[in-house]
Amino acid sequence: MAPSNRSIAEADFRSDTGTTPTPLMMAAMQRASHGDDVYGEDPDTNALQERVAKMCGKPAGLFMVSGTMGNQVCLRTHLHQPPHSILCDFRAHVYAFEAGGLATLSQAMVTPVHPANKLHMTVEDVRANLILGTDIHTAPTKVISLENTLGGTIMPIEEIAKISELAKRFGIKMHLDGARIWNASAETGVPLSEYGQYFDSMSLCLSKGIGAPVGTVIVGETDFIKKAEWFRKQVGGGIRQAGLLAAAADAGLNEVFPARLKETHDTTKKLAKDFEAMGLTFQLPVHTNFIFLDLFKAKIIPEVLIAEGKKLGINVTGARIAIHHQTSPEAIEKLKLAVQNSIAISRDYQGSRSSAGTMQYGMYEKVVDEE
Ligand SMILES: Cc1ncc(COP(=O)(O)O)c(C=O)c1O
């Protein structure tokens with residue numbers, strides 16, 4: 001028998017996007033309004049947009065199909081006439097993982113910044129990388145785009161405030177990729193509106209930790225959102241009976257934010273402690289719902305971990321472990337076993353690797369076959 005959606009979600013450590021609709025979400029979808037959102041006539045979509053905007057202290061919001069669309073439409077709306085550039089962390093989703101959208105949709109250059117503290121950008125990093133002035137050789141910075149959480153780590157609000165102050169001084173817009181700002185807020189207790197005061201636009205995903213099947217809401221000033229609606233239409237993001245999706249996302253918010261989300265962080269931190277007891281270290285501190293294992297230091301071959309996970313019926317991508325509100329305790333035990341097995345197998349493999357001098361999955365299979 002095929003596994004139910006729920007059981008797929010509970011053993012999926014690849015991302016918090018692995019969450020599946022809950023019975024409360026399904027019930028909300030059945031009751032959803034059926035208006036046409038391209039005409040702005042759907043009550044449930046309008047209510048969700050208003051709800052998220054209000055939470056962020058903004059006058060207007062707009063429902064988007066995805067986080068990528070939310071970010072790209074926001075940045076396109078801020079940018080008017082090239083040459084122009086966006087300053088962001090070199091790991092930022094808007095730059096590294098949105099299929100080059102900034103180049104094609106916004107004709108923008110990017111200044112990717114490597115934080116000096118190796119954790120998050122500071123105002124000093126930003127100041128050192130801003131492109132200002134009238135030198136015709138340059139593409140001036142028009143937007144600073146921050147991401148919170150990034151790799152599960154929380155950017156301190158004090159740092160955001162300083163960066164925002166600097167941006168204001170030079171007439172630079174501030175955007176937040178807040179795909180997981182819910183996690184930052186649930187963990188720190190800082191309300192979304194406090195984060196919101198420092199940004200001209202925010203994009204908040206509902207299809208990750210919140211668990212909705214689809215959806216992101218962008219928020220900002222009314223004129224900004226009006227203009228963003230044009231760009232959403234341009235990229236095919238106008239949805240007709242959007243109420244079905246909005247209702248599910250709204251139910252997800254009721255169900256998960258903030259208490260259940262905070263619980264996922266506690267589960268993640270407990271798991272991190274168990275990993276440490278196994279001698280593992282991490283690439284980043286564990287603030288919320290992600291653990292980035294240092295597989296290199298532990299001498300674990302990522303493909304081995306993926307394969308060992310599969311044998312036990314869990315889904316892992318390698319170094320990144322994501323916990324969400326549907327992750328089951330049984331799956332966590334299986335994950336720990338998969339990691340333990342991978343340490344043992346990879347150790348055997350290291351011997352063979354040093355003689356071969358390469359590191360290929362095919363060779364791992366050979367070692368296992370020989371056992
Ligand atoms: C930080 C961040 N921003 C934006 C996105 C894009 O979201 P989507 O997959 O809905 O396009 C993701 C996706 O994982 C993300 O991690």
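Residues numbered from 1 in each chain as written. Predicted model: local features only at pLDDT ≥ 70, side-chain atom pairs only at ≥ 80, totals over all residues. Heavy atoms only, no water.

Undergrad: Residues and numbers for the sheet that holds strand β6 (residues 201–205), please.
TA: Spatially, seven strands are ordered β1-β7-β6-β5-β4-β2-β3 in an open sheet, and the strand pairing comes out mixed. Pairing within the sheet leaves two strands with one partner each, and these edge strands are β1 (60–64) and β3 (109–113). Ignoring which end each strand starts from, the neighbouring axes of this sheet average 20 degrees apart. Note that strand β2 (residues 85–89) and β3 share five bridges and pair parallel. Looking at the pairing, Ser85 lines up with Met109 of β3. (Pairing = 2+ DSSP bridges. Helix = DSSP H or I, 4+ residues; strand = E, 2+ residues; numbered from the N terminus. Axes fitted to C-alpha atoms, helices over the stretch in contact; angles between N-to-C directions.)

Undergrad: I'd like a rundown of the site of the ligand, residues and numbers included.
TA: Close contacts around the ligand come from Ser66, Gly67, Thr68, Asn71, His93, Glu98, Glu147, Asp177, Ala179, Arg180 and Lys208, and that covers them all. At a separation of 2.8 Å, an oxygen atom of the ligand approaches a polar side-chain atom of Lys208. With three residues, helix α4 (residues 67–78) is the largest single contributor of residues to the shell around the ligand. Here the shell around the ligand is built from residues that sort into one nonpolar, five polar and five charged. (Near = heavy atom within 4 Å. Polar contact = N/O pair within 3.5 Å; in protein donor to acceptor, adjacent residues only side chain to side chain. Nonpolar A, V, L, I, M, F, W, Y, C, P; charged D, E, K, R; others polar.)

Undergrad: Please set out the confidence of the model for the protein chain residue by residue, giving values where relevant.
TA: On average, residues of the protein chain carry a pLDDT of 93, and 92% of them reach 70 or more. Ignoring residues within four places in sequence, the model shows residues 351–371, a span with pLDDT below 50, making 22 contacts including any to other chains. (pLDDT = per-residue confidence, 0-100. Contact = heavy atoms within 4.5 Å.)

Undergrad: Quick one: what's the story with the domain arrangement of the protein chain, residue by residue and with numbers?
TA: The assigned domain composition of the protein chain is domain 1 (18–255) and domain 2 (259–370). Counting residues at the interface gives 21 residues for domain 1 and 15 residues for domain 2. Roughly 1,600 Å² is buried in total at the junction of domain 1 and domain 2, and carbon and sulfur atoms are behind 58% of that figure. In terms of surface lost to domain 2, no three residues of domain 1 exceed Gly152, Asn183 and Glu187, which account for 29% of the buried area on that side. At the junction of domain 1 with domain 2, the criterion picks out two salt bridges. (Domains from an automatic or database assignment. Buried area = accessible area lost by both parts, 1.4 Å probe. Salt bridge = Lys/Arg side-chain N within 4 Å of Asp/Glu carboxyl O.)

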